[in-house]
Every structure is written in C-alpha cells, then in structure tokens.
Amino acid sequence: MNYMSAQLKVTFLGTGTSQGVPVIGSKHPVCLSSNPKDKRLRVSVLLSWSGFNYVIDCGPDFRQQMLANNVGTLDGVLFTHEHADHTAGLDDIRPFFFRQGDIPIYAHERVIRSLKRRFDYIFADENRYPGAPAVAINTIYNDEGFTIGDTEVVTIEADHNRLQVFGFRIKDFTYLTDVKKMKPQEIEKIKGTKVLVVNALRQESHHSHFNLEEALDFIEKVSPERAYLTHISHLLGFHNEVEKKLPKNVYLAYDNLVITV
C-alpha cells in the first residue's frame, strides 16, 4: 500500500450530530453552555497534506466551516453516506468550482443516485444552469482502494442501523462515523491505525449509532495510539466533564481541533 510521506493534518470541521449543538430551541444545560467546545457543527473533517485538501462529508454547515478554516482550494469530497447532515452542503462547492473546475466526489453508487435526485442541477448533462457547480463522479466500492492526491484510501464498511456506510483509512488515520455494527473482517482493516476517529452519540443506547460505551469497546478492539470521539449530541454531556472520565488515549474531538498523524 502506497502512502504519502508527508504529515497528514486533520481539521475537525464539525463534531456534532444531525441537529448540531445547541439544538434549536433547546433548554438542555449543554445547549446553554458557554464553552465553545460544547458548540458543535455537523460532522466533517478536512484532510490536508502536500498542498492537497480533501473533506469527508459536506453537511449543511459546509460554507461556514470553509470560511472558519480559511480553506482556499478543495481537491475533492469523500462521502460516508447520503444522510442530509453529511451531504446537504454540496451546493456550496460553487466557489471552488468557479476557480478550479469540476470538483471530484467519491461515494458509493447508492449515494451518487441520491445526490443526483436531490441536486439534479449539479449533475445535469444538458441545459445546465449557468451558476451551478459540477462534479467529477468517482464511484467507490468496498474492498477496492482508490486514490486521492498521491495516496491510497482503504474503504471500511459498516452498518448505520440498516444502511451501509463507508469509513476511510488514509495513512495511519481512520475515520468512522454513524457506525452501529461492523463485521470482523472490516475491523481487521483498521488494525495498526495510529489515530482513530469514531462516533459516540450519547450515553444511552441508540438504534443506529454507537453510544459512549460501545465506542470505547470498539476503540479497545482496534487499539490505536490515540482515538477521538465525534458525531456527538448534547446528550453525551458537557465536553470537559465527559473528557475527564475517558481512558488516557481517548479524547473528545471539538470543532476546529487540528491534529497531525
């Protein structure tokens, strides 16, 4: 497997669940917190190395996230699955398209079909609206690696309740979100990862996401050097209080956190 030699920089653009934190109109104590680490946009990361910039998922906060992190170029978008909190910002690739041309996207064929229905004007072959962006479609498959920039990506398949989702391993970094179950052969693909990012929605059990206990059990199976929890709801608790109780190599991610691998 060929990996880039340059250091990988990972920026957590958003670490919240589908409604974000605070939730609109909520009086929950976490939603009323003044701690910036308790304010979470929809989940996404920016991967940067050797002049390349790729994002995993572009949800409804994508424009805000690009501005907050001063992202001037975008080499592509990797999609985990088609839910709105992971895809609704696709139209906001327009400034990148106007400067760079068609923006590559990488997704399961089912996700591509969903995007074509919802953003038909982006995928139109004829009579295109003059202001619409355009994409270069790359369909990805489980057990078949693909290349972004100068490095190979390993796809990791998981179940989000009954929906298939993709995670991605890039160099010694693995990113997973919206995971509830994973087959043993998929977990094997992650073994040896130095840095693992995985979802931990809340304390209580959930039908389609790891709760905190399940996420920590999964981290123990994979045994990375470091792990970061993401896709967090207000029901997980206050950032500072939860992090104090985590194992020494496990951290709560927060918006605009930057790590290197």
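Residues numbered from 1 in each chain as written. Predicted model: local features only at pLDDT ≥ 70, side-chain atom pairs only at ≥ 80, totals over all residues. Heavy atoms only, no water.

Some remarks on the overall build of the protein chain
For the record, the criterion: Counting from the N terminus, the helices are the DSSP runs of H or I reaching at least four residues and the strands are the DSSP runs of E reaching at least two. Based on C-alpha atoms, the radius of gyration is set beside the globule rule, defined as 2.2 Å times the residue count to the power 0.38. Partly exposed describes any residue whose relative accessible area lies between the buried limit of under 20% and the exposed limit of over 50%, with all areas from a 1.4 Å probe on protein chains only and scaled to the type maximum. In this analysis, two residues are considered to be in contact whenever any of their non-hydrogen atoms come within 4.5 Å of each other. Under the counting rule used here, the positive set is Lys and Arg, the negative set is Asp and Glu, and His together with the chain ends is not counted. The location of each charge is read from NZ of Lys, CZ of Arg, CG of Asp or CD of Glu.
Check the secondary structure of the protein chain and you find 8 helices and 14 strands. Over its C-alpha atoms the protein chain spans a radius of gyration of 18 Å, differing by no more than 12% from the 18 Å that the globule rule assigns to 261 residues. Taken over the C-alpha atoms alone, the protein chain extends approximately 55 × 45 × 35 Å along its principal axes. Residues classed as buried in the protein chain amount to 56% of the 261 residues present. Look at the contacts in the protein chain between residues 6 or more apart in sequence, and 65% of them connect residues 24 or more apart. Where the 30 positive side-chain charges of the protein chain centre and where its 32 negative ones centre are 4 Å apart.

Some words on helix α7 (residues 212–222)
Filter applied, for reference: This arc is built from the directions going out from the helix axis to the C-beta atoms.
Here α7 has its buried residues at Leu 212, Ala 215, Phe 218, Ile 219 and Val 222. The buried residues of α7 all sit within an arc of 125° when viewed along its axis, so they share a single face. The exposed residues of α7 that point more than 90 degrees off its buried face are Glu 213, Glu 220 and Lys 221.

Looking at the environment of Val 77
Residue position: Val 77 is located in strand β4 (residues 76–78). Look at Val 77 and you get buried, because its relative accessible area is 0%. Val 77 sits 34 residues away from Val 43 along the chain, and the two C-alpha atoms are 13 Å apart. Residues contacting Val 77, with those up to four places away along its chain left out, are Val 55, Asp 57, Cys 58, Pro 104, Ile 105 and Tyr 106.

As far as function goes, none of this settles anything; it's purely spatial.
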